[in-house]
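These are the residues of each chain, in order.
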Amino acid sequence: MHPRKRRSRNASAMKLVGKLVGLFRVAADLTQAQLADRAAVQLETIASIEQGRRTLLPDLARRLDQLLSTKGALETAVENMPEVDLIPAWAEQYMDLEREALALSWFENQVLPGLLQTEGYARAVFRTDVPALSEDEISQRVSTRLERLQILHQHEPPTASFVISEATLIDRLGGDEVRAGALRHVRECTEIPGVTVQIMPLGRRTHAGLSGPFILLETPEHQRLAYTETQRGSQLISAPDDVSILERKYAMLRTQALNTEESRGLLDRLLGDV
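Residues numbered from 1 in each chain as written. Predicted model: local features only at pLDDT ≥ 70, side-chain atom pairs only at ≥ 80, totals over all residues. Heavy atoms only, no water.

Caption draft 1: Main features of helix α10 (residues 176–189). If you check α10, its first and last C-alpha atoms are 20 Å apart, about what 14 residues at 1.5 Å a residue would give, namely 20 Å. Within the sequence span of α10, burial applies to V178, R179, A180, A182, L183, V186, R187 and C189. For α10, the secondary structure elements touched by its buried residues are α7 (119–127), α9 (166–170), β3 (195–200) and α12 (260–272). (Helix = DSSP H or I, 4+ residues; strand = E, 2+ residues; numbered from the N terminus. Expected span 1.5 Å × (residues − 1). Buried < 20%, exposed > 50% of the residue type's maximum accessible area, 1.4 Å probe, protein only. Contact = heavy atoms within 4.5 Å.)

Quick look at the structure:
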C-alpha cells in the first residue's frame, strides 16, 4: 500500500476511536483531567487520544471501558482496527512514546540505533532504501531523525541502554569518513549520564537476539511496551506476555555483550584504526 494512503487510513481510524473516547467521557460527565487522573495517565495522553494523535492501546482501552461503563466498546473498537492501523506510518506513534519514555532499551544488529546516529550516517541509511527516496524525502527524514537525538540531552532524559552488534561498527556505511564520525559520536554518547552502550562481539557461540532488533520502553505511566520493525512495516507491542519475552531476551543480551568498559575499549581501538 502506498505510504500516504496508509497514513490516511491510520489517521482516520485513530480519530474515530478518539471521538468515541471523548463522547463516552462527556456522557460520564468527566473532564479530560478527571479521566486522566482516574485512569492513572497524563492529561496529555487523554487529550492526544481524543484528538486522534495517539493510538489507544488495548490495556488502556480496557481501563477506560471500566471507568466509563462502556461495556467493552473501546476495547472492541481497538481490537477491530484494520491491521495497518496497528502499524503507524513512519513509526509516528513510537516516536511520540520515545519522547516521553522514562526508560529505553534498544538492541540493533544491522544499523546504529537511531538515537546514536550522526547526520552523515542517517543520510547514508536513507540512501539505501529500496525503492530509492528522492533527495527531498531523504532530507526530511534526516531532519526528523536529528530532532530525535535531543531526547538523550533533554531536561529529563530517559535512562537509555543500547546493545549494538560489532558488525554495525565494522561496516563502512556511507564511506570511511562517515564511519569515523559515527564511531566518534557513539564513543561520546557512552559518556552521557544515564546512557549505557554495550557491544555484542563477533564470534559468539550463543546469541539471544537472532530474531532481529527490538526496542523496549517504559512510559510515564509505567506501562512497558516494545517496538519492532520488519521489512514490511513496524509494530508496537503492548501484550504483557510478548513484552515479557523481549525483556528476558534483552536481559540475556546484556550478559552476552561486552560490559560498558570493554565496549569503550573496543570503540577506542576501532577509532585508532580509522
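Caption draft 2: Region of interest: unusual backbone geometry. The step from V130 to P131 runs through a cis peptide bond, and the omega angle for that step is 0°. Relative to the assigned elements, P131 resides in the loop between α7 and α8 (135–148). The phi dihedral of D29 falls on the positive side, at around 60°, and the residue is not glycine. On the secondary structure map, D29 appears in the loop between α1 (3–27) and α2 (32–39). Relative accessible area serves as the criterion here: at 66%, D29 is assigned to the exposed category. Phi is positive for H222, which is not a glycine, with a value near 65°. Considering the arrangement of structural elements, one finds H222 in the loop between β4 (214–218) and β5 (224–230). By relative accessible area, which is 55% here, H222 ends up exposed.

Caption draft 3: Here's a closer look at the nonpolar core. In terms of nonpolar packing, the biggest core is built from 36 residues, with Y94, L116, L152 and F162 touching the most fellow members. Of the residues forming this core, the biggest block, five residues, is contributed by α10. What L152 contacts, discounting residues up to four positions off in sequence, is L115, L116, P157, A160, F162, I192 and V195. Of all hydrophobic cores here, the second largest spans 19 residues; its members include L30, A61, V78 and M81. (Core = buried A, V, L, I, M, F, W, Y, C linked by side-chain atoms within 4.5 Å.)

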